[in-house]
Structures are given as C-alpha cells and as structure tokens.
Amino acid sequence: MLFLEDSYIKEFNSIITGVIDDKIFLKDTAFYAKSGGQPGDQGTLNIEDKAYQVIETIKYEGKIAHVIQGDINLTIGQKISGKINWAIRYRYMKMHSTMHLLCAILPFYVTGGQIGFEKSRIDFDLGEEKYDIDTLQNQVNNLIIEKHQVSYSWITSEELASQPELVRTLSVKPPNVSGKIRLVKIGSVDLQPCGGTHVKNTEEIGNFHFIKFESKGKKNKRIHFTVNE
Ligand SMILES: [Zn+2]
C-alpha cells in the first residue's frame, strides 16, 4: 500500500505475486483499493510490451486486486510498471480531504459517505441540529484557504482503543498494518484514523461547493457537495 506513505506516487515498479481470473496481485502497489467510500483506482500495468488496463481496484481475500480488462496471460514473478490515472485519483483526494474538513466543522458521527468524480456525499448523525448552508460553505472554504498541512502518524490498535474520541465513523474501519493504524492530521482542525488518500495541503482542494442537504431517516443528514478549481 504505497499510497499510505505517499499518496502522490503516480508510477511505480513491482512484481506479480498472483493472478486469479481477471485480477492481478502485486508485491507493492500505489493503486488504492475501493473502500471506505473511496472508489478504487484505475490506470495501466505495463508488462513487457503490453499495457493492461486496470478498470477497477478492489480488495479480494484481504489483498489488493487490480481488475484487468481483456485477456491475461501472465505468470508470477513478472516485472510490471504501474501508472495510476492521476486526474481521477487527484480529484478523489480532494473530495476525500474535504470530508475531513466537514468532520472538523460538524462534531457528529459520520454514518456513511461516497466519493465520486463529479460530486460526493457524506452522512452525519446530526439529530435535530440545523445548519445554515451558506455558513457551512464559508466555514469549509475558510479551512481550505487557511492552508492546513496534512500529516500522518501511526498508533497501535491498543492506543486507538484508549482514545475512542478519535474515531469519527463506525461504518469504516481503517486498515491495520502490522498492528498499527494510521492517523491523519489536518493542521489543527482534524485528527482521525483513516486509510484513504489525501492532499498535502488543504489549499489544493480549490473551492468547496455545497449542493444540498438530504434527510436520511430520523437523524441522518446527507450532505451533497463538490469541489471546483
Ligand atoms: Zn481520510
């Protein structure tokens, strides 16, 4: 999971460790596998003289599977060079980072979320709280222009269990890598365990645009939003 250390890796070299039907498994990969409401990456795997299109990246039996379009005639041990579709991934990084900013402003449990290329949505257990849309939009845009740095640290699952207030959602479990979980810190505004991909600085997000609120059940409110250049 090269993206956990550096979400800006666009190209990398690796070795095939497995092939099952239309799925290729690699020793290392920068492809993010669909999880936590963030879609899997697309891109290409170049193997010898052939380019294989990765149409989706998923978790399969606990491993990252690169789903290939077309026939695969490959063997374990072959070298690959991978390239992710950066235009799509970078947009997902902006959308995902924006969700953290919304978490910073709205101190409620997150009950769901889905990142998309055009727009995204995140659900909060807002209860009876009411929020003014213009205020919310200004608050997020203020956090963007305050240029908060995004940084990472790792804690043990025991340390996380002793700080349950860090966990903002019970619907997504961040990946446990050798007993450790990654914390994502956005300046002084947000700190939570997360295995997704984020921008380095909030200013990269551009402009937050609130689309609408939607009621989902008695307590849950869904926020639809997008980001623009
Ligand atoms: Zn995140």
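Residues numbered from 1 in each chain as written. Predicted model: local features only at pLDDT ≥ 70, side-chain atom pairs only at ≥ 80, totals over all residues.

Observations regarding the domain arrangement of the protein chain
Think of interface size as the accessible area that goes away when the parts come together; that is how it is often given. One can read the domain layout of the protein chain as domain 1 (2–84) and domain 2 (89–228). Distance between the C-alpha centres of domain 1 and domain 2: 27 Å. Contact residues are listed per partner, giving 10 residues for domain 1 and 13 residues for domain 2. For the side of domain 1 that touches domain 2, the per-class residue count stands at 5 nonpolar, 4 polar and 1 charged. (Domains from an automatic or database assignment. Contact = placed C-beta atoms within 7 Å. Nonpolar A, V, L, I, M, F, W, Y, C, P; charged D, E, K, R; others polar.)

Observations concerning the sheet that holds strand β2 (residues 23–26)
The strand order around the closed barrel built from 6 strands is β1-β2-β5-β4-β3-β6, with neighbouring strands paired in antiparallel fashion. For this sheet the average axis-to-axis angle between neighbouring strands, irrespective of direction, equals 45°. With 4 bridges connecting them, strand β3 (residues 43–47) and strand β6 (residues 79–84) associate as antiparallel partners. Opposite G43, over in β6, you have I84 as the bridge partner. (Pairing = 2+ DSSP bridges. Helix = DSSP H or I, 4+ residues; strand = E, 2+ residues; numbered from the N terminus. Axes fitted to C-alpha atoms, helices over the stretch in contact; angles between N-to-C directions.)

Brief notes about the sheet that holds strand β13 (residues 207–216)
Strand order in the open sheet formed by 4 strands is β7-β8-β14-β13, and the pairing between neighbours is antiparallel. At either margin of the open sheet sits one strand with a lone partner, and together these are β7 (110–114) and β13. With strand direction ignored, the average angle separating the axes of adjacent strands in the sheet is 20°. With 9 bridges joining them, β13 and strand β14 (residues 220–228) adopt antiparallel strand pairing. Residue pairing in the sheet places K216 in a bridge with N220 of β14.

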